Amino acid sequence: MYVKLTASALAIAAVSTTAFARDQVQIAGSSTVLPYASIVAEAFGENFDFPTPVVESGGSSAGLKRFCDGVGENTIDVANASRKVKEKEIKKCAENGVTDIIEVKIGYDGIVFANDINGNGFSYTPTDWFLALSDKVMVDGELVANPNKTWADVNVNFPAQDIQAFVPGTKHGTREVFEDKVILEGCEATGAFEHILASAEGDTAKARKKAAEKACIALRTDGRSVDIDGDYTETLARIDSNKDGIGVFGLAFYENNTDKLQVATMSGIVPSTESIASGEYPVSRPLFFYVKKAHIGVIPGLKEYAEFFVAEEIAGPDGPLAEYGLVADPELENTQSSVADEAILGSNM
Amino acid sequence: MSDAKLLTPKTSIHTQSPRTKRRNAAETRFKVFGMIAISIGLLMLVALMGTILSKGIGAFQQSFITMEVELLEAKLDKKGNRNLSDIKKVTTFGYTPLIKNAFAKAVKDQGIETDLKTKDMAKMLSKSAAAQLRNVVIDNPQKIGQTIKFRFLANSRIDGYLKGRVSRESIANDKNVSVAQLDFADQLLKAGVLKKTFNIDFIIGADASDQRPEAAGIGVAMMGSLFMMLVVLGLSLPIGVAASIYLEEFAPKNWITDVIEVNISNLAAVPSIVFGILGLAVFINYMHLPQSAPLVGGLVLTLMTLPTIIISTRASLKSVPPSIRDAALGVGASKMQSVFHHVLPLAAPGILTGTIIGLGQALGETAPLLLIGMIGFIASNMPTTIGEGLLSPNSAMPAQIYEWAKRADPAFYERAWGGIIILLVFLVSMNTLAVILRRRFERRW
């Protein structure tokens, strides 16, 4: 019996090695895009004769890395990303033979700051966050290690609550938006940026600016800012156990947990799909997915999936994605036609 | 007389000397400590089980809304020729208005008065309703034109309201549900349209997306686990037993076998994620086996389980006394006959126990599955053949629980606990089986 079992198992292994054709779309990447992608994948499986695509998470960078591993059935077809693909990543892709990439923008997502429902209410500006979390801040014209301990130190209007922030880890695309649109803004507003720029090293003005930006977004490492590498549920659990904690969430996650979280305003604007769509709420970013053109026609249903994703009835303002928290892209039609034409990245730039 | 004086005890044996008292006190203290340790352990176990049961039991029940839906020919089959490919062109979006109207009609027929708009009523239903309706129509095109009774899932907020998770206070800022809808749910409940009943789909169904936690089930992931365990059993038991018989009974004792032995023990201590990385590199990238397939998961878990099985098999082979072997050899059996006719049957209960415990470990393993693509949104259909079960993408029970636990909607959290209950049932029954086998068949010398 043992022999038979082994033999059959080995036979199956052998058969699948030689001739296995994958018939479902394989997707990985941003955990922010994951809910949207799974909603689309589910509806795709229901309405088409193709099998339901498999959607994995892991973060934008991890997804793009797997995407750039090469062309072939053992690599993923679609990478979800909560940020634009970087030049560096495109180069890496090209080295591995992934040259034709279709970029698809699905809409916008807001990043919100929220704390425990029974805690103090906050209305932040980017400056507050910079002063609270930056590694170095300006004090009397000098750049010193961040001395602020409570929110009252940051802004006299705030309560004397200990600074304890849970921010997404560096493998998340959300982190980059947080750095660019909040910390860097605050850095420039407080004048720390110019101070750093003046002493920044670099051969060109551009290099110096880059170095200064990098120094600006360095967060303090004394435990008041905690990187969360997992998902928003982990951030929520941290806030649950530490009532002083303030977390960075996606808008959709907050809207599903309004009984536990209260959201803070940013520069006086309450985050909502409307205020993000109008551009009033400052901390938002576009969401993307990237399709390997070489896989279209090889993996059944890949193009149909991409087209279905950006169809008006899915990603439009009345579709299920908008209902879940995605801010529909007003230029969705352009995206639809570029997907239909399989316009590759770089061709239209 | 000085000798006799020495022999007489200074004190009576009925009174304890201080030294004896100290010794007895130390023993009593030790017993108390032991009992405290055991009670802490038991208390923890009770607390754990209590939490799991109280949080997860809700997942086995679900709220349903019953209504009669008229399958309008004008909407579902415009050409009226019952051509399946034409019917399939109507997407789930085409089915939504039918359900909306049917709901409004059902409310009217029941004589329920409400100010709620039809649109808001329809939002109380699960998003899976349209798909459920469409599947029925595609499977039975002849039913178009008829009016059929359907039982749709209520959406997770309404379901949470019936289960006490959602209250009028907790939804103050919630955009997905309103107090008016909860009031309406009370009316439906009274009229018997809305009912909370046992939900078999949680046990046999597939995963569902973030928008419809009420429709998610663990059944398909269970099949994924089953197929992985088949691979693990089919590979690790014969390989493990053969390796240990050779090492224990036939191999010469020299430095090579010593090195092998040490390394097997080392392998047993390797963190499971390492096997996942190995699986990704060898099975997927080199051998081009499919991603997310239970076959690959099974192969990876086989690597992880092998050392456990080899170690337990060798231990049970060792425990068979040498006299058995000597007697067999003495009456003229060959070495192989002595092993297969006498030693192996006597060692079998121990081997099986070790195997079951190894399988139990593999069943609860999540980390290596992360790297081979078995964790994520994987909503496959129930596999129909063995080949499909092994090769088509699937998840596993612990992976499914992990996936649910990190989703935004709190309704998934309840399902994660429900999944834990099912997983625990499997683990406990496997361990019980191991204990029974050992008790019944094990022989001691």
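Per chain, residues are indexed from 1 in the order of the written sequence. Chains carry letters and ligands carry numbers; both start at the beginning, A for chains and 1 for ligands, and go up in the order they are written. Side-chain atom pairs in this predicted model are given and counted only at pLDDT of 80 or more, local residue features only at pLDDT of at least 70, and totals for whole chains, interfaces and linings cover all residues. Remark: hydrogens and water are excluded; side-chain values derive from all non-hydrogen atoms of the structure.

As annotated in an unreviewed UniProt entry, chain B is Phosphate transport system permease protein PstA from Shimia gijangensis. Reading the Sequence similarities (unreviewed entry) entry of the UniProt record for chain B gives the comment "Belongs to the binding-protein-dependent transport system permease family. CysTW subfamily." UniProt positions are given in the numbering used here, feature names are shortened, and annotations may be inferred rather than shown by experiment.

As annotated in an unreviewed UniProt entry, chain A carries the name Phosphate ABC transporter substrate-binding protein, PhoT family and comes from Shimia gijangensis.

(A) The overall build of chain B, seen in detail. Secondary structure counts use DSSP, requiring at least four H or I residues in a row for a helix and at least two E residues in a row for a strand, with both numbered from the N terminus. For chain B, the helix and strand inventory stands at 20 helices and three strands. In terms of C-alpha radius of gyration, chain B reaches 32 Å, well past the compact-globule figure of 22 Å for 445 residues. Each residue gets one of three labels from its accessible area relative to the maximum for its type: buried under 20%, exposed over 50%, partly exposed in between, using a 1.4 Å probe on protein chains only. Residues classed as buried in chain B amount to 46% of the 445 residues present. As presented, chain B carries roughly 22700 Å² of accessible surface, and 63% of it is formed by carbon and sulfur atoms. In this tally, Lys and Arg are treated as positive and Asp and Glu as negative; His is ignored, and so are the chain termini. The atom standing in for a charge is NZ when the residue is Lys, CZ when it is Arg, CG when it is Asp and CD when it is Glu. Here chain B holds 48 positive side-chain charges and 32 negative ones, and the gap between their average locations is 7 Å. In this description the radius of gyration comes from C-alpha coordinates, and the expected globular size is given by 2.2 Å times residues to the power 0.38. Accessible surface is estimated by sampling points in the Shrake-Rupley manner with a 1.4 Å probe; for residues, cover comes only from the protein chains shown.

(B) The overall build of chain A, seen in detail. A count of helical and extended segments in chain A gives 16 helices and 13 strands. Taken against the 2.2 N^0.38 rule, which gives 20 Å for 349 residues, the C-alpha radius of gyration of chain A at 23 Å falls within 12% of a compact globule. Seen through its C-alpha atoms, chain A measures out along the principal axes to roughly 75 × 50 × 50 Å. Summarising the internal contacts of chain A: among those between residues at least 6 apart in sequence, 73% fall at separations of at least 24. Accessible area for chain A stands at about 14500 Å²; split by element, carbon and sulfur atoms hold 52% of it. With 30 positive and 52 negative side-chain charges, chain A shows a spacing of 8 Å between the two charge centroids. We call two residues contacting when some pair of their heavy atoms lies within 4.5 Å.

(C) Examining the environment of P53(A) more closely. Looking at the secondary structure, you find P53(A) in the loop between α2 (34–47) and β2 (54–55). Sequence-wise, P53(A) and Q26(A) are 27 residues apart; in three dimensions their C-alpha atoms are separated by 5.9 Å. Ignoring any residue separated from it by four or fewer positions in sequence, one finds P53(A) in contact with V25(A), I27(A), A41(A), F44(A), Y305(A) and F377(B).

(D) Spatial organisation of the pairing of strand β4 (residues 101–116) of chain A. Residue and element names in this part refer to chain A. For β4, the buried fraction is high: 14 of the 16 residues fall into the buried class. With three bridges joining them, β4 and strand β11 (residues 261–263) adopt antiparallel strand pairing. Residue pairing for β11: A114 is matched across the bridge by V263. Any two strands between which DSSP finds at least two bridges are classified as paired.

(E) Just the UniProt feature "domain: ABC transmembrane type-1" (unreviewed entry) in chain B, in detail. UniProt records the feature "domain: ABC transmembrane type-1" (unreviewed entry) at residues 222–434 of chain B, using the numbering of this structure. End C-alpha to end C-alpha, residues 222–434 of chain B measures 21 Å, and it is 78% helix and 0% strand.

(F) Region of the structure containing unusual backbone geometry. In this structure, E342(A) is a non-glycine residue whose phi angle is positive, near 55°. With respect to the helices, strands and loops of the structure, E342(A) is situated in the segment after α16 (332–340). In this structure, H288(B) is a non-glycine residue whose phi angle is positive, near 60°. On the accessibility criterion, H288(B) (45% relative accessible area) is partly exposed.

(G) Examining the interface of chain B and chain A more closely. If you look at the interface, chain B gives 49 residues, while chain A gives 49 residues. For the pair chain B and chain A, the two sides together bury roughly 4200 Å², of which 53% comes from carbon and sulfur. By definition, a salt bridge exists where a carboxyl oxygen of Asp or Glu is found within 4 Å of a side-chain nitrogen of Lys or Arg. For E323(A), the salt bridge goes to K127(B), with nearest N and O atoms at 2.7 Å. We call two N or O atoms a polar contact when they sit within 3.5 Å, provided that within protein one can donate a hydrogen and the other can accept it, with sequence-adjacent residues counted only if both atoms are side-chain atoms. At the boundary of chain B and chain A, one finds 20 residue pairs in polar contact (both at pLDDT 80 or more). Put simply, the parts of the chain that give the side of chain B that touches chain A at least two residues each are α5 (92–109), α7 (128–139), α11 (219–250), α13 (272–286), α18 (386–391) and α19 (397–405) of chain B. Reported buried area values correspond to the accessible surface (1.4 Å probe) lost by two parts on association, with both partners' losses combined.

(H) Layout of the confidence of the model for chain B. Mean pLDDT for chain B: 90, with 98% of residues reaching 70 or above. Known as pLDDT, the predictor's confidence for each residue is given on a scale from 0 to 100. Within chain B, the lowest mean pLDDT, 56, falls on helix α1 (residues 2–7) of chain B, and the highest, 95, falls on helix α2 (residues 18–56) of chain B.

(I) Up close: the UniProt feature "transmembrane region" (unreviewed entry) in chain B. The UniProt entry lists residues 32–53, 226–247, 267–286, 293–313, 339–360 and 416–437 of chain B under the feature "transmembrane region" (unreviewed entry), expressed in the numbering used here. Helix makes up 100% of residues 32–53 of chain B and strand 0%, and the two end C-alpha atoms of the span are 31 Å apart.

(J) Local environment of the pattern of salt bridges. Applying the stated rule across the entire model yields 38 salt bridges over all chains. In this structure, the salt-bridge partner of E176(A) is R83(A), at a minimum N-O distance of 3.8 Å. Of this pair, E176(A) sits in helix α7 (residues 173–189) while R83(A) sits in the loop between β3 (78–81) and α4 (87–95); the two residues are 93 residues apart in sequence, bridging distant segments of the chain. Residue class for E176(A) comes out partly exposed when judged on its relative accessible area of 26%. Taking relative accessible area as the criterion, R83(A) reaches 6% and is therefore assigned buried. It is possible to trace a salt-bridge network through shared partners that takes in D231(A), D207(B), E403(B), K406(B) and R407(B).

(K) Looking closely at the packing of aromatic side chains. Only Phe, Tyr and Trp rings are paired, with Trp represented by its six-membered ring, and only when their centres lie within 6.5 Å; those with planes under 30 degrees apart are stacked, over 60 edge-to-face, the remainder tilted. This structure, assessed with the given rule, holds 31 aromatic pairs over all chains. Ring plane angle 75° and centroid distance 5.2 Å describe the contact between F122(A) and F158(A), whose orientation is recorded as edge-to-face. In this pair, F122(A) is assigned in the loop between β4 and β5 (123–124) and F158(A) in the loop between α6 (151–154) and β8 (165–168), connecting sequence segments 36 residues apart. You'll find F122(A) and F158(A) in the same group, each marked buried. With a centroid separation of 5.6 Å and an interplanar angle of 55°, the aromatic rings of Y232(A) and F253(A) are classed as tilted. Separated by 21 residues along the polypeptide, Y232(A) in helix α10 (residues 232–241) and F253(A) in helix α11 (residues 251–256) bring together distant segments of the chain. Its relative accessible area of 5% is what places F253(A) among the buried residues. Clustering of aromatic rings is evident, with ring pairs tying together F44(A), F48(A), F50(A), F289(A), Y305(A), F308(A) and F309(A). Criterion for a charge above a ring: Arg CZ or Lys NZ at most 6 Å from the ring centre, at most 35 degrees from the ring normal. Positioned over the ring face of F64(B) is R151(B), at 3.6 Å from the centre of the ring.

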